[in-house]
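# A look at the structure
Spelled out from the first residue to the last, the chains are:
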Amino acid sequence: MLQHLLLLATAMAPVQNAATAAASAAQAVPHALIHLAPIDIAILAVYLVFVIAIGYITGKGHQTSEDFFLSGRSIPAWITGLAFISANLGALEVMGMATSGYQYGMMTANYYWVGAIPAMVFMGVAMMPFFYGSKVRSVPEFLKKRYNEGARFINAITFAVFTPAISGISMYAMAVVLQDFLGWHFWPSVVVSGLVVLVYTFLGGLTASIYNEVLQFFLIVLGVAPLTIIGLIANHAKAVKHAAAGMHESWLAAATAGWGDFTHWLDTHQVSQGKTMLPGSMWLHTWMGTGHAAGNTLQITWPGVVLGLGFVLSFSYWCTNFLVVQRALAAKDMNSAQRTPLLAAFPKMLFPFIVILPGILAIPLLPHLVTGGTVVHGKLVSDTHTVNNVMPLMMGTYYPAGLLGLGLTALMASFMSGMAGNVTAFNTVVTYDLYGSLINPNASDKHYLWFGRIMTILGVAISVGFAFWVRGANSIMGYTQTIFGVVNAPLIAVFLLGMFWPRTTPWGGFIGLLVGTGTSVTLWILCMKGHPMAHFYKHGTTSAFWNALWSFCAGASSTILVSLFTRKQPVEQLTGLVYQVTPRGEVSATLAWYRKPLVLGILALLATLILNLLFW
Amino acid sequence: MIDLRLPIGIFFLLVGLLMAGYGVVSPNDIPHIGMKINGNLDWGIVLTIFGLLMTIFGWRGQRRPPERKNQQPPTH
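Parameters at a glance
Residues numbered from 1 in each chain as written. Chains lettered and ligands numbered in written order. Predicted model: local features only at pLDDT ≥ 70, side-chain atom pairs only at ≥ 80, totals over all residues. Heavy atoms only, no water. Buried < 20%, exposed > 50% of the residue type's maximum accessible area, 1.4 Å probe, protein only. Helix = DSSP H or I, 4+ residues; strand = E, 2+ residues; numbered from the N terminus. Contact = heavy atoms within 4.5 Å. Salt bridge = Lys/Arg side-chain N within 4 Å of Asp/Glu carboxyl O. Buried area = accessible area lost by both parts, 1.4 Å probe. Polar contact = N/O pair within 3.5 Å; in protein donor to acceptor, adjacent residues only side chain to side chain. Nonpolar A, V, L, I, M, F, W, Y, C, P; charged D, E, K, R; others polar. Core = buried A, V, L, I, M, F, W, Y, C linked by side-chain atoms within 4.5 Å. Phe/Tyr/Trp six-rings, centres within 6.5 Å; stacked < 30°, edge-to-face > 60°. Lys NZ or Arg CZ within 6 Å of the ring centre and 35° of its normal.

### Some details on helix 16 (residues 390-398) of chain A
Residues and elements named next belong to chain A.
- For helix 16, the tally of buried residues reaches eight of nine residues, placing the bulk of the element in the interior.
- Considered for burial, the residues of helix 16 that qualify are Val390, Met391, Pro392, Leu393, Met394, Met395, Thr397 and Tyr398.
- For helix 16, the elements touching its buried residues are helix 5 (91-104), helix 9 (149-182), helix 10 (186-240), helix 15 (352-365) and helix 17 (403-439).

### A few points about the pattern of salt bridges
All names here are of chain A.
- One pass over the structure, following the stated rule, counts six salt bridges over all chains.
- Between Glu149 and Arg152 there is a salt bridge, with the nearest N and O atoms lying 3.2 Å from each other. Of this pair, Glu149 and Arg152 both sit in helix 9, separated by three residues, roughly a single helical turn.
- For Arg152, a relative accessible area of 6% translates into the label buried.
- Measuring nitrogen to oxygen at the nearest pair gives 2.8 Å for the salt bridge that ties Arg327 to Glu213. Here Arg327, found in helix 13 (residues 322-329), pairs with Glu213, found in helix 10; they are 114 residues apart in sequence, far enough to count as distant. The two residues Arg327 and Glu213 agree in class, both being buried.
- Counted as one network, the salt bridges with shared partners bring together Glu149, Arg152 and Asp433.

### Some remarks on the interface of chain A and chain B
- Chain A puts 61 residues into the contact, and the matching count from chain B is 39 residues.
- Around 4,500 Å² of area is buried between chain A and chain B when both sides are counted, 74% of it from carbon and sulfur atoms.
- Together, Phe50, Leu222 and Trp251 of chain A form the three largest contributors to the area buried by chain A at its contact with chain B, with a combined 13%.
- Inspection of the chain A/chain B interface yields zero salt bridges.
- Put simply, chain A and chain B have five residue pairs in polar contact (both at pLDDT 80 or more) between them.
- Ranked by residues supplied to the side of chain A that touches chain B, first place goes to helix 10 of chain A with 14 residues.
- Considering only residue class, the side of chain A that touches chain B consists of 42 nonpolar, 12 polar and seven charged.

### What about the nonpolar core?
- Judged by nonpolar contacts, the single largest core of 216 residues is most densely connected at Phe131, Leu215 and Phe495 of chain A together with Phe11 and Phe12 of chain B.
- For this core, the leading source of residues is helix 10 of chain A, giving 25 residues.
- Setting aside chain neighbours within four positions, we find Phe11 of chain B in contact with Val46, Tyr47, Phe50, Leu215 and Leu219 of chain A.

### Structural notes on helix 20 (residues 491-500) of chain A
- For helix 20 of chain A, a buried count of nine out of 10 residues is recorded, marking the element as mostly surrounded by other parts of the structure.
- Burial in helix 20 of chain A covers these residues: Leu491, Ile492, Ala493, Val494, Phe495, Leu496, Leu497, Gly498 and Met499 of chain A.

### Considerations on the environment of Thr256 of chain A
Residues and elements named next belong to chain A.
- Within the secondary structure, Thr256 sits in helix 11 (residues 251-268).
- Exposure remark for Thr256: the relative accessible area of 53% places this residue in the exposed category.
- Taking C-alpha positions, Thr256 is 8.7 Å from His236, a pair spaced 20 residues apart along the chain.

### What about the environment of Ala413 of chain A?
Residue and element names in this part refer to chain A.
- Relative to the elements of secondary structure, Ala413 occurs in helix 17.
- We classify Ala413 as buried; its relative accessible area is 0%.
- Each C-alpha atom of the pair Ala413 and Ala91 lies 8.0 Å from the other, and the pair is 322 residues apart in sequence.
- Leaving out residues up to four positions away in the same chain, Ala413 has contacts with Tyr47, Gln216, Leu219 and Ile220.

### Some points on the side chain of Ser193 of chain A
Residues and elements named next belong to chain A.
- Within the element layout of this structure, Ser193 appears in helix 10.
- We classify Ser193 as buried; its relative accessible area is 6%.
- If near-sequence neighbours (up to four positions away) are discounted, Ser193 is found in contact with Pro188, Phe415 and Met416.

### Considerations on the packing of aromatic side chains
- One pass over the full model with this rule turns up 34 aromatic pairs over all chains.
- Between Phe131 of chain A and Phe495 of chain A, the ring centres sit 6.1 Å apart and the planes meet at 55 degrees, which makes this aromatic pair tilted. Of this pair, Phe131 of chain A sits in helix 7 (residues 117-133) while Phe495 of chain A sits in helix 20, placing them 364 residues apart in sequence. Each of the two residues, Phe131 of chain A as well as Phe495 of chain A, counts as buried.
- Centroid distance Phe466 of chain A to Trp469 of chain A: 5.3 Å. Interplanar angle 90 degrees. Geometry classified as edge-to-face. Note that Phe466 of chain A and Trp469 of chain A are positioned in helix 18 (residues 445-472) at a spacing of three residues, about one turn of the helix.
- Judged by its relative accessible area of 12%, Phe466 of chain A is buried.
- Among the aromatic residues, those joined into a cluster by ring pairs are Tyr47, Phe50, Phe217, Phe218 and Phe351 of chain A together with Phe11, Phe12 and Phe50 of chain B.
- It is Arg453 of chain A that lies over the ring of Phe202 of chain A; its NZ or CZ is 5.6 Å from the centre.
- Taking NZ or CZ as reference, Arg63 of chain B lies 4.8 Å from the ring centre of Trp59 of chain B, over its face.

The following block contains the structure:
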């Protein structure tokens, strides 16, 4: 989700990215409407039966609210690890990353290699002991334990308001794709898919959501990965043209040759971005030209990437967002909870190759795609031949019936995993941090379990309602996502000081949260209103990175300042919440190296470094 | 609790067999590239192998007695 929120800032910037200027003679545009064959429908049906069956099976035996909201803290690390990525892997991310690959190239991989992996490693090694060890049931509850009820309320209410809204936006985007490409009506797409998610989350709670997220993870990988391979083969076929007709070649040989043909094409062609022609080779680099904004496809500078994206934005999202933290809290023990984000880091770092690369490979294959849609009577009318649809367009062009069913089911799965993640996080925060904390603190556990199920229905209902609202007023989509991103940007300042500086006081944390968020929102409004600062940044992405950094500084400095002038907490209240006053366990001699969080973290960082060097 | 590898394995086994079977019955090449590559058969085999392995591991895991929950301090 973080990637999409940030890319949205890019989309809202006044940069017109036209499609590539390369000759558009090559490939015919696929039909706007894809007709599914019975085999495609069969694959989709098998998937729907399985997700509901998993919900039913995992729901049996839920007796306490902790079973429902936190899976009874009983899940192995490999499952929570894959769910950790999958909950974040909504349809908007899968399709949005391919779009960004088409527009900006491998520079987009910075959202993974800089904007995710280091934060995930830090989360597993340094922060998870406090989240899991303090036995909290949610991130807002941690804020209550470390600071006060006010800090919990701000975090909980923000999360509860925006989470189902974001889920509704994802639902809307998916329904539009189904409408445009398959000719399915909007409302049945939204209602039926919402019902499927409701059935399995209602029955099985977090366990059903996590188990299905793992199934969805494999489905997304195995349904979308062929697009990269076939994209390479198609580039090879395009290069050898008629010589390829009727040719027999293995997948591996053709794809390997395709990589050479594709990079040669980029090296010898100019690709346009608005009025500027840029060398095609720039589409395969992550750092080249980041010394100045004009030197790269995303118009970013490396200090903004490292400090704004790599530190503030990514740490705020991956280390404090309950949507992902909840997966780790469901782990069966401390070591599994710590390994959750670390094991997730390894597949996560490879995701650019299946979600971004197909978009880049589409540049020579579908060179005529345009930015944005058509505005009719103030509403955005989707146009199937836009860069936003590059992934379904690639599937429609190169997937035969059968493979197409698998690919579309993968897109459906990505939507459902994102939505279920949002709904299960929403029901937990509303039940524990709003209802259980403010309205009915002394109810029985059975009552909270009942209330949580009702909130599951409410979460899905709000998502569906929001999807219809967005359909009626398209502009709220962009604003909702951006505001959520902006509000969350400076959170990490308060968490880091709370966990690693014992002098931080409850008032310090509370004021720091308010000042950081206020600064972030103010800077965003100023940039939106055309303040000279916005012109200085030149590009929406750059301003998002720098605004996050300034908000972090404002939040951190106000927390420190207020803490120095308010009464500090007794040490015994901080045990288990703050690094310096929490007893640390010795590394067990019997623990295999691949179970040691620090070893896994170092390996993940080294692998990410290698990827950065390969695509420098 | 069911071993998750079991349903995942069965799912991909089913989908893989469906695709591979369809690839045999209706051997369509990947469109627009002009090469003889039967995408459904080849990828169906990949999914079937993956599904089979997951099913075997899941079945073996299901038969193993559940691990005792172990509360450890954080390790670095």
